Amino acid sequence: MTVLARFLTVLSVLAPLSQAYPALQTRDISLNQLSDFTFWVQYANAAYCANNYDPNSAGTKVGCLDSGCPEVEATNTTIAFAFSGTTLTDTAGFVAIDHTNKHVVLSFRGSFSIRNWITDAIVFFTDPELCTGCRAELGFWSAWTGVRDGVIQQLQDLEAEYSHYDLVLVGHSLGAAIATLAGADLRSRGHKLTVYAYGSPRVGNEELAQFITDQGNNYRFTHTSDPVPKLPLLIMNYVHISPEYHISAGNNVTVRPQDVEVYQGHVNFAGNTGTGLPLLTDFPDHSWYFRRADGCKGEGLPF
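Residues numbered from 1 in each chain as written. Predicted model: local features only at pLDDT ≥ 70, side-chain atom pairs only at ≥ 80, totals over all residues. Heavy atoms only, no water.

### Side note on the nonpolar core
Ranked by size, the top nonpolar core spans 42 residues in total, and within it Leu106, Phe108, Trp144, Leu169, Leu181 and Leu186 carry the most contacts. Residues within four places of leucine 169 in sequence aside, it is in contact with Leu106, Ala179, Ala182, Gly183, Leu186, Leu193, Thr194, Val195 and Tyr196. (Core = buried A, V, L, I, M, F, W, Y, C linked by side-chain atoms within 4.5 Å. Buried < 20%, exposed > 50% of the residue type's maximum accessible area, 1.4 Å probe, protein only. Contact = heavy atoms within 4.5 Å.)

### Regarding the pairing of strand 8 (residues 193–198)
Buried residues dominate strand 8, accounting for 6 of its 6 residues. Burial along strand 8 is two-sided: Leu193, Val195 and Ala197 facing one way and Thr194, Tyr196 and Tyr198 facing the other are all buried. The β-α-β motif built from strand 7 (residues 166–172), the intervening helix 7 (residues 174–188) and the parallel element strand 8 has right-handed crossover chirality. Summarising the sheet, strand 8 and strand 9 (residues 218–223) pair through 4 bridges and their orientation is parallel. Paired with tyrosine 196 across the bridge in strand 9 is tyrosine 219. (Helix = DSSP H or I, 4+ residues; strand = E, 2+ residues; numbered from the N terminus. Right-handed = clockwise from strand over helix to strand, strands pointing away. Pairing = 2+ DSSP bridges.)

### Focus: the packing of helix 7 against helix 8 (residues 206–215)
Taken N-terminus to C-terminus, the directions of helix 7 and helix 8 make an angle of 65 degrees; their axes are 10 Å apart at the nearest point. Comparing their axes, helix 8 and helix 7 come out roughly perpendicular. Considering only the axes of helix 7 and helix 8, their crossing is left-handed. Facing helix 7, whose interface residues are Thr180, Leu181, Gly183, Ala184, Arg187 and Ser188, helix 8 presents Leu208, Ile212 and Gln215. (Axes fitted to C-alpha atoms, helices over the stretch in contact; angles between N-to-C directions. Parallel < 35°, antiparallel > 145°, perpendicular 65-115°, else oblique. Left-handed = near helix turned anticlockwise from the far one by under 90°.)

### A short note on helix 6 (residues 138–161)
Taking 1.5 Å per residue as the helical rise, helix 6 with its 24 residues ought to reach 34 Å, and the 34 Å between its terminal C-alpha atoms agrees with that figure. For helix 6, the principal kink sits at arginine 148 and spans about 55 degrees. Within helix 6, burial applies to Gly139, Phe140, Trp141, Ala143, Trp144, Val147, Arg148, Val151, Ile152, Leu155 and Leu158. Measuring from the backbone nitrogen of glycine 139 back to the side-chain oxygen at the start of helix 6 gives 2.8 Å, which picks out glutamate 137 as the cap. (Expected span 1.5 Å × (residues − 1). Bend = angle between axes of the 7 residues up to and from the residue. Polar contact = N/O pair within 3.5 Å; in protein donor to acceptor, adjacent residues only side chain to side chain.)

### Some details on the pattern of salt bridges
On inspection of all chains with the given rule, the structure shows 8 salt bridges. Note that aspartate 90 is salt-bridged to arginine 115, the shortest N-O span being 3.6 Å. Taken together, the residues aspartate 90 in the loop between strand 2 (77–83) and strand 3 (93–98) and arginine 115 in helix 5 (residues 114–121) connect sequence positions 25 residues apart. Each of the two residues, aspartate 90 as well as arginine 115, counts as buried. Of the charged contacts in the structure, one is a salt bridge between arginine 256 and aspartate 259, with a shortest N-O distance of 3.0 Å. Each of Asp90, Arg109 and Arg115 takes part in a single network of salt bridges with overlapping partners. (Salt bridge = Lys/Arg side-chain N within 4 Å of Asp/Glu carboxyl O.)

### Examining the side chain of histidine 223
By secondary structure assignment, the location of histidine 223 is in strand 9. Polar contacts involving the side chain of histidine 223 include one to the main-chain carbonyl oxygen of alanine 249, which spans 2.7 Å. What histidine 223 contacts, discounting residues up to four positions off in sequence, is His246, Ile247, Ala249, Gly250, Asn251, Asn272, Asp285, Trp288 and Tyr289.

### Structural notes on the UniProt feature "domain: Fungal lipase-type" (unreviewed entry) in the protein chain
The UniProt feature table records "domain: Fungal lipase-type" (unreviewed entry) at residues 105–233. Its end C-alpha atoms 30 Å apart, residues 105–233 is made of 44% helix and 21% strand. (UniProt positions renumbered as here; feature names shortened; annotations may be inferred.)

### Some details on the state of the cysteines
Within the structure shown, the criterion is met by 3 disulfides. Two residues share a disulfide in this structure: cysteine 49 and cysteine 296, whose sulfurs sit 1.9 Å from each other. Taking the sign of the torsion about the S-S bond as the criterion, the disulfide between cysteine 49 and cysteine 296, at about 120 degrees, is right-handed. Linking cysteine 49 in the loop between helix 2 (31–46) and helix 3 (50–53) with cysteine 296 in the segment after strand 13 (291–292), this pair joins segments that are 247 residues apart in sequence. For cysteine 49, a relative accessible area of 0% translates into the label buried. The disulfide that involves cysteine 131 links it to cysteine 134, with 1.5 Å between the sulfurs. Taking the torsion about the S-S bond as the criterion, the cysteine 131 to cysteine 134 disulfide, at about 50 degrees, is right-handed. On the basis of relative accessible area, cysteine 131 is assigned to the partly exposed category, the value being 22%. (Disulfide = S-S within 2.5 Å.)

Below you can see the structure in the form of C-alpha cells.
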C-alpha cells in the first residue's frame, strides 16, 4: 500500500486541472447485459485466488476462497493452464474451459506483488507493433509478452478441440490492462474474442486506443471515483479505449441497469475521468465492480 500511495501522490500532483474534451452520447444497458457483466467480474476475482493461478492447478475446478465467484463455481469449468511467478512482471492468471457456457476463458490477476506494482509504474511508451503510431505502456505490454508464447500455445491447442467455444479475456486493475492489450494482440493474430476489463488503467496513446476500439467487443468498466482508470495521466498522452461503462452506484450495493452509463470517446469527462484527481482516499471504489472484484487477493505484499 505504501508503494501505491507514493505512486498516486506523485502522479496526482502532475494531473492537468482541466482539458477540453466533449462529453459524448450515452446509452443504457439491458438486464441481460447487467447479468453478463456481473458474471464475468467473478472470473476476474478468481484470478486473485492462488489456487487458480498455481501452475499445478491444471485439471482442477475454478474456485474462489472468498466465495467471490458462486456463479462460476456453479458451472462445469476446469483450469487448462495456469501461470505465475515466472516473469519479471510476475504476471499471473489462468486459462479455463467453461463447458456450461461454452467459453474458453483467459483471466489475468490484478496487482498483488511488488513486481506487479513496479509494472504499473513503468509508464514509458513502447511500440507493440500493432498499428502505425501505436504506443503501449511498457509495463503492461511486457506483462503480456512475458507469458504470451505459453498462452498462445494453450489457446491454439484448446481452439482445435473446442472450436465452437467463444474466447473471453477478463481482468481487474492490472489484469484488465493486460487483458486489453492481450486481446488486441490476439485479434491481430486471427483470434475472435471479447474483453471484459474492470477498473483498467489507460494502456496506451490515442492511436492504440482507436485501434483497439475499432476491433470491437471491448467492455471497459469504471466505478464512481476509482483512481486507477485515471492513470497514467492525460498529460502523459495516455487515453482510454471506447466506450466506457461507468458505474455510478456506491460500494457494497446492488447495481441496477440505470446505475451504468455508457460513454463514448477516448476522453469523456462525464464518466470516471470527470470525478477529479486520482486520490488514494477513493481507492475503495476500485474494489467494487458489480461485486467485490479483488476479494480473493492474498495477504501482504510478496515480491
